[in-house]
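Tertiary structure, described
Read off the chains here:
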Amino acid sequence: MSTPRKSPKRPARRTTSAPAVRLVDRPADDEIWPRVTRELADDLAVDALARDRAGKAPFDEVARLQEAGLPALLTAPGPTRRGADWRAACAVVREIAAADGSVGELLAHHYALSWSSRFFGPPPAGEPAPGAGPDEDGGGPRTATPRAPRTGRTADAPRTARTPLALDVCTSEERWLLAGGVEPPHGATGQGLTLTPAEGTGGGWVLDGRRSFASGVTVADRLVVGARPGGTGDLLVVLVDPAHPGVFTDAGTDRVGQRLAGAGTVTFDHVPVEPEHVIGALPHDEHAVAPFTTLAPLALRLLLVHVGLGIAEGALAEARDISRAGQAGPARADGTGGPADDDGAAPAGAGDDPYLLLAYGELATAAHAAAAVVERATDALARGLLAGWSLGPEERADIAVLVAAAETVTGRAAVHITTRILEVVDTPAGADARGGGPGFDRFWRNARALTAPTQAAHRLRDIGDHYLNGTHARLTLRA
């Protein structure tokens, strides 16, 4: 095991050539985000292959995201910020992932974590649907001032409360990129991250432990992590500055795919946590967990589904461009343009190959089918978020089934499409970037790395149990 190293100093972010969002007092405007996202995706696609091969920490990629204003997209509109709804966020992640799957995953984790104070804090007084939109399709938060999360207080270990933190607002105003995770990953052993009461009268906690994260920890401005007081009991969700001397980051440099997602292992050594940086809590008893809170892992899983779908669509679109370019050639003898053979006749081009057409038809159909399932799950999650704390167990169970179905269908489609693309794209150098080709192997590697942690058999079993027996999935936070 390598020795953890101190998190490197983050370079200053670029401030030039920015399609930056001007901060004005206005309602959420989802129309501008597709244009901004498209411009950024085009920019990322230009050097995606070179960046993937270099495998450096994604500081430059984060700078591009910040220039476009995308990390603040889910923030409630207000005097100094503008925001959009979850449908818009999913669409942004999908298009960015089509250009660069690693950046799409990094953004997906950030969006899910930015709502931590909404998911894990207490419901606001007099607001049965916090974070929901004013219209019936789930657009925009109901209030311009997000609710305050609960502070550091549990039944067995009360701590002094201070001014609470609204994480999504801080993320926008401070230009933070978030990374981390709440519950330990599957297969984790030991106590995980633990909290002990801080000495003195000021309250707060001290964070210790070590755990791995799938995205963003090498470049994050703040970490959102879950830890248990004394290693047992309720889980507290806390905000940590990775620049603290007690935080050490060991970057994951040997990944097969998603190399630029900023994955790594973080060690916390007596890191102080102020009371106002305890942004929420998750009860140990699953029966005490509100259905709205359990939308947190579903939101992350669905965002990652959009990443997988984007990777598949990006691979398919790029392969189509290569196949179309293969049809170009010198002008025919009659001067009408198009490829010509030695005797001046027009040969059958790649676009006339029936087997190639069959392959593209199969792959396009797989992508369309996955997109349809994903859109249905996205609509269901948006309605659940609109319901807020009035969401019931039945509605949550239906959302969980749709997300699991989208996860299963899209995971299989992404791996299938990116594998078949390697066979369809036939260039002299081959599809492997090491041979000078277009580098389609990166799509396959990214799809495999993204979908490997998901157990499709477990998802299908849960779907079947719900369909046949009406059984609800357990209301746990673990994804």
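In the block above lies the structure referred to throughout.
What counts, and where the lines are drawn
- Residues numbered from 1 in each chain as written.
- Predicted model: local features only at pLDDT ≥ 70, side-chain atom pairs only at ≥ 80, totals over all residues.
- Heavy atoms only, no water.
- 1 Å grid on protein atoms, 1.4 Å probe; cavity = no way out; pocket = protein on both sides within 12 Å on 5 of 7 lines; lining within 4 Å.
- Points joined across faces, edges and corners; volume = space filled by probe spheres on them.
- Helix = DSSP H or I, 4+ residues; strand = E, 2+ residues; numbered from the N terminus.
- Nonpolar A, V, L, I, M, F, W, Y, C, P; charged D, E, K, R; others polar.
- Buried < 20%, exposed > 50% of the residue type's maximum accessible area, 1.4 Å probe, protein only.
- Contact = heavy atoms within 4.5 Å.
- Salt bridge = Lys/Arg side-chain N within 4 Å of Asp/Glu carboxyl O.
- Core = buried A, V, L, I, M, F, W, Y, C linked by side-chain atoms within 4.5 Å.
- Polar contact = N/O pair within 3.5 Å; in protein donor to acceptor, adjacent residues only side chain to side chain.
- Phe/Tyr/Trp six-rings, centres within 6.5 Å; stacked < 30°, edge-to-face > 60°.
- Lys NZ or Arg CZ within 6 Å of the ring centre and 35° of its normal.

This part takes up empty space enclosed by the protein. In this approach a probe as big as a water molecule rolls over the atoms, and the regions it shows empty are the leftover space. What the rule picks out here adds up to two cavities of 30 Å³ or more. Here the second largest cavity is characterised by a volume of approximately 80 Å³. Together, 13 residues line the second largest cavity, and Ala99, Asp100, Gly101, Arg442 and Asn446 are the ones closest to its centre. Where the lining of the second largest cavity is concerned, the elements lending two or more residues are helix H2 (48-54), helix H4 (86-99), helix H5 (101-114) and helix H11 (441-451). By residue class, the composition of the lining of the second largest cavity is seven nonpolar, three polar and three charged.

Across the ten residues that make up helix H3 (residues 59-68), a large majority, eight, are buried. Three or more residues of H3 are buried, namely Glu61, Val62, Ala63, Arg64, Leu65, Gln66, Glu67 and Ala68. Buried-residue contacts for H3 involve helix H1 (32-46), H2 and H5. Count one or two residues on from H3 and you reach Gly69, which has phi positive near 80 degrees.

Notably, Arg175 is not glycine yet its phi reads approximately 55 degrees, a positive angle. By secondary structure assignment, the location of Arg175 is in the loop between helix H7 (167-173) and strand S2 (178-181). On the accessibility criterion, Arg175 (41% relative accessible area) is partly exposed. Phi is positive for His270, close to 55 degrees, though the residue is something other than glycine. Considering the arrangement of structural elements, one finds His270 in strand S8 (residues 264-273).

On to the pattern of salt bridges, then. Close approach of charged atoms lets side chains of opposite charge pair. Enumeration according to the criterion identifies 21 salt bridges in this entry. Here Arg64 ties to Asp47 by a salt bridge, and the two come within 2.8 Å at their closest N and O atoms. Residue Arg64 is found in helix H3, and its partner Asp47 is found in the loop between H1 and H2; the two are separated by 17 residues along the sequence. Residue Arg222 is joined to Asp241 by a salt bridge in which the shortest nitrogen-to-oxygen separation is 3.5 Å. With Arg222 in strand S5 (residues 222-229) and Asp241 in the loop between strand S6 (235-240) and strand S7 (247-251), this pair connects stretches of sequence that are 19 residues apart. A network of salt bridges, in which partner residues are shared, links Asp43, Asp47, Arg51, Asp60, Glu61, Arg64 and Asp100.

Now for the nonpolar core. What tends to happen in soluble globular proteins is that the nonpolar side chains get buried as a cluster. Grouped together as the largest cluster of nonpolar side chains are 90 residues, with contacts concentrated most on Leu70, Leu73, Ile96, Tyr111, Phe119, Leu295 and Ile421. Take this core: its biggest share by element is 14 residues, from helix H8 (residues 295-326). Leu223, Val225, Val278 and Ala281 belong to the second largest nonpolar core, which has 21 residues in total.

Along the chain, Arg118 turns up in helix H6 (residues 116-120). Polar contacts involving the side chain of Arg118 include one to the side chain of Asp168, which spans 2.9 Å.

Enumeration over the complete set of coordinates arrives at six aromatic pairs. With 5.4 Å between their ring centres and 90 degrees between their planes, Trp86 and Trp115 make a pair best called edge-to-face. Residue Trp86 is located in helix H4, and its partner Trp115 is located in the loop between H5 and H6; the two are separated by 29 residues in the primary sequence. For the pair Trp86 and Trp115, one class covers both residues: buried. Through a chain of ring-to-ring contacts, three or more aromatic side chains come together here, namely Trp86, Trp115, Phe119, Phe120, Phe292 and Trp389. Above the plane of the ring of Trp115 lies Arg118, whose end atom (NZ or CZ) is 4.9 Å from the centre.

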